[in-house]
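The lines below spell out each chain.
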Amino acid sequence: MSILLPTNLQQRPCHSLSPTTPLISPSPSSSAFFSPATRRRCVRFVTSSVASLQSSVAIGSAPAPAAVVVERDQIRLGLPSKGRMAADAIDLLKDCQLFVKQVNPRQYVAQIPQLPNTEVWFQRPKDIVRKLLSGDLDLGIVGLDTLSEFGQGNEDLIIVHEALNFGDCHLSIAIPNYGIFENINSLKELAQMPQWSEERPLRVATGFTYLGPKFMKENGIKHVAFSTADGALEAAPAMGIADAILDLVSSGTTLKENNLKEIEGGVVLESQAVLAASRRALTDRKGALNTVHEILERLEAHLKADGQFTVVANMRGNSAQEVAERVLSQPLLSGLQGPTISPVYCKQDGKVSIDYYAIVICVPKKALYESVKQLRAVGGSGVLVSPLTYIFDEETPRWGQLLRNLKL
Ligand SMILES: Nc1ncnc2c1ncn2[C@@H]1O[C@H](COP(=O)(O)OP(=O)(O)OP(=O)(O)O)[C@@H](O)[C@H]1O
Ligand SMILES: O=P(O)(O)OC[C@H]1O[C@H](OP(=O)(O)OP(=O)(O)O)[C@H](O)[C@@H]1O
Ligand SMILES: [Mg+2]
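Residues numbered from 1 in each chain as written. Chains lettered and ligands numbered in written order. Predicted model: local features only at pLDDT ≥ 70, side-chain atom pairs only at ≥ 80, totals over all residues. Heavy atoms only, no water.

A.B. asks: Run through the nonpolar core, naming residues and quoting values.
C.D. replies: A general feature of soluble globular proteins is that nonpolar side chains tend to end up buried together. With 36 residues, the main nonpolar core has L147, I173, L190, V204 and M216 as its most contacted residues. Element by element, the count of residues in this core is highest for helix α5 (residues 125-134), at four residues. Not counting chain neighbours up to four residues away, the residues in contact with L190 comprise I173, I175, F181, I184, W196, L202 and I263. The next biggest cluster of nonpolar side chains, apart from the first, holds 35 residues, and it includes M85, L98, V100 and I158. (Core = buried A, V, L, I, M, F, W, Y, C linked by side-chain atoms within 4.5 Å. Buried < 20%, exposed > 50% of the residue type's maximum accessible area, 1.4 Å probe, protein only. Helix = DSSP H or I, 4+ residues; strand = E, 2+ residues; numbered from the N terminus. Contact = heavy atoms within 4.5 Å.)

A.B. asks: Explain the UniProt feature "domain: ATP phosphoribosyltransferase catalytic" (unreviewed entry) in the protein chain to me, and be specific about the residues and the numbers.
C.D. replies: Here, the residues flagged by UniProt with the feature "domain: ATP phosphoribosyltransferase catalytic" (unreviewed entry) are residues 124-300. Measuring from the first to the last C-alpha atom of residues 124-300 gives 25 Å, for a span that is 33% helix and 29% strand. (UniProt positions renumbered as here; feature names shortened; annotations may be inferred.)

A.B. asks: Explain the state of the cysteines to me, using residue names and the numbers behind them.
C.D. replies: Here the structure, examined in full by the defined rule, presents zero disulfides. There is no disulfide at C362, and the cysteine sulfur nearest it, in C96, is 18 Å away. (Disulfide = S-S within 2.5 Å.)

A.B. asks: Could you give an account of a nonpolar patch on the surface, with specific residues and numbers?
C.D. replies: Nonpolar side chains collect at one region of the surface, where Y345, V352 and I354 lie side by side and expose about 310 Å² of accessible area between them. Within the secondary structure layout, V352 lies in strand β15 (residues 351-364). (Patch = residues over 30% accessible without salt bridge, like charges linked within 9 Å, V, L, I, M, F, W, Y side chains within 5 Å. Areas by Shrake-Rupley, 256 points an atom, 1.4 Å probe, with all protein chains shown as cover. Salt bridge = Lys/Arg side-chain N within 4 Å of Asp/Glu carboxyl O.)

A.B. asks: Explain the domain arrangement of the protein chain to me, using residue names and the numbers behind them.
C.D. replies: According to the domain assignment, the protein chain consists of domain 1 (1-307 + 391-408) and domain 2 (308-387). For the pair domain 1 and domain 2, the interface holds zero salt bridges. Summed over the shared surface of domain 1 and domain 2, the number is four residue pairs in polar contact (both at pLDDT 80 or more). Among the residues making up the side of domain 1 that touches domain 2, the classes are represented as two nonpolar, one polar and two charged. (Domains from an automatic or database assignment. Polar contact = N/O pair within 3.5 Å; in protein donor to acceptor, adjacent residues only side chain to side chain. Nonpolar A, V, L, I, M, F, W, Y, C, P; charged D, E, K, R; others polar.)

A.B. asks: Requested: an account of the environment of V312, with residues and values cited.
C.D. replies: Along the chain, V312 falls in strand β13 (residues 308-316). Judged by its relative accessible area of 25%, V312 falls in the partly exposed class. It is 6.8 Å that separates the C-alpha atoms of V312 and A358, two residues lying 46 residues apart in sequence. Those residues in contact with V312, other than ones at most four positions away along the chain, are I359, V360, G382, V383 and L384.

A.B. asks: Just give me the short version of the sheet that holds strand β6 (residues 157-161), but keep the residues and values in it.
C.D. replies: Across the sheet, six strands lie side by side as β3-β4-β2-β5-β12-β6; this open sheet has mixed pairing. Strand pairing shows two members of the sheet lacking a second neighbour, β3 (109-111) and β6, which therefore form its edges. On average, each strand axis in the sheet is inclined to that of its neighbour by 35°, with strand direction left out of account. Sheet topology places β6 next to strand β12 (residues 273-278); four bridges connect them, and they run antiparallel. Following the sheet pairing, I159 is matched in β12 by A276. Across the face of the sheet, α5 comes into contact with β2 (75-80), β4 (118-123), β5 (139-143), β6 and β12 while running at roughly 140° to β5. (Pairing = 2+ DSSP bridges. Axes fitted to C-alpha atoms, helices over the stretch in contact; angles between N-to-C directions.)

A.B. asks: Tell me about the packing of aromatic side chains, residues and numbers included.
C.D. replies: According to the stated counting rule, one finds two aromatic pairs in the structure shown. Both rings, one in F181 and one in W196, keep their centres 6.2 Å apart while their planes meet at 20°; by these two values the pair is stacked. Taken together, the positions of F181 in the loop between β7 (169-176) and α7 (187-191) and W196 in the loop between α7 and β8 (202-206) put the pair 15 residues apart, joining distant regions of the chain. An identical accessibility class is assigned to F181 and W196; each is buried. Over the face of the ring belonging to F309 we find K365, whose NZ or CZ atom lies 5.4 Å from the ring centre. (Phe/Tyr/Trp six-rings, centres within 6.5 Å; stacked < 30°, edge-to-face > 60°. Lys NZ or Arg CZ within 6 Å of the ring centre and 35° of its normal.)

A.B. asks: Mind laying out the site of ligand 1, listing which residues take part and the relevant values?
C.D. replies: Looking at ligand 1, the residues that line it are K82, G83, R84, M85, G143, D145, T146, G167, D168, C169, L248 and S250. Within the backbone of R84, one N or O atom sits 2.8 Å away from an oxygen atom of ligand 1. Expressed as a share of its isolated accessible area of 610 Å², the protein-covered part of ligand 1 is 67%. Contributions of two or more residues to the shell around ligand 1 are made by α4 (84-95) and α6 (144-151). Of the residues that constitute the shell around ligand 1, the class distribution is three nonpolar, five polar and four charged. (Near = heavy atom within 4 Å.)

Put into structure tokens, the structure is as follows:
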């Protein structure tokens, strides 16, 4: 992504922007629509029309800001200090045998004994992104939504692992399922509604004041005005503050309970937790690359194993080759590289013979029952299933990608 703000604005939190340093300049025509109180709030926060956005956001032209690599011995990993991601991030690290030792919940720094050169700093997710950019953190675990919103396409931010398997949600436009929106079911239909004009734009309430206008602009939607709110956005349409909202959706319950619906083409971003890093830290800070390699290896080994079971079964056969051919005739039974097949030695009437072979394969958890059916179909019996803890590949694929990204 290469949408960048002018350097002097890049690290400013949206809510601290004043009208004199507009991230998105307030549109006089759109603000005319709001009540005086709302208008005051919108101007104090960030309000825009897409047209005004075009003139104030430089697309792909501004250089990345220079994050300062200050001399220090410890690598800093930012973890969410609160909210739904906090516990999940710590649990994930624990599953990778990285135990975060926090003396008490109000202490914002912690250690991971397994990574002696690394400190954990607990921060709000958006502050993790800001501090990666400012050089105060080197690594961080946050949702892709937060990284994209507050990172604003800055090229110093690198996604080291893009799928940590928690915090799944998507950023989506939602509109009321009643009134003038009753028969509107797509972004195209929403954009084409005759109600929106320069004087009376579609009003969207969101906490995503960077991604929202960018999405509208990319979709060629004019006559949109954004206003921000910090929570309970779903109430905005019913309160008459906005026509639509742009917010995170997971189960969809909050939308449903507030008589709102998503629309086709209205998903701005699919999100889950990611491991992000500062490019500058990885290239310039001693030890950072080794630390990220170790974390990545552990994460990949755990996350790959997490989706799999080990399946062991016995199968009657004349040779390992013949059993292998039968097993490999089934689409779900090829394992990671292929089945491991070992002879089972039986003693009968004082004679040792091989009538059975034991086969060992990994199967995706989701396909377990199908796999068992396929095993039975080729003569498998006595099927044992056990969880897998780690799968260490020869090399982690994401490590190669990271080195290429860093041009190392
Ligand atoms: N409903 C959800 N289901 C799953 N993940 C979500 C959901 N809402 C948010 N997330 C993910 O969790 C991250 C943190 O959200 P959370 O609500 O815990 O904190 P926040 O929104 O930053 O803080 P707050 O809600 O207190 O202002 C989000 O950036 C997103 O990646
Ligand atoms: O689709 P659902 O599973 O219902 O989840 C969606 C809700 O979760 C988030 O809110 P959160 O709980 O973080 O509250 P907030 O508005 O205070 O941030 C998000 O902002 C939605 O309101
Ligand atoms: Mg929230």
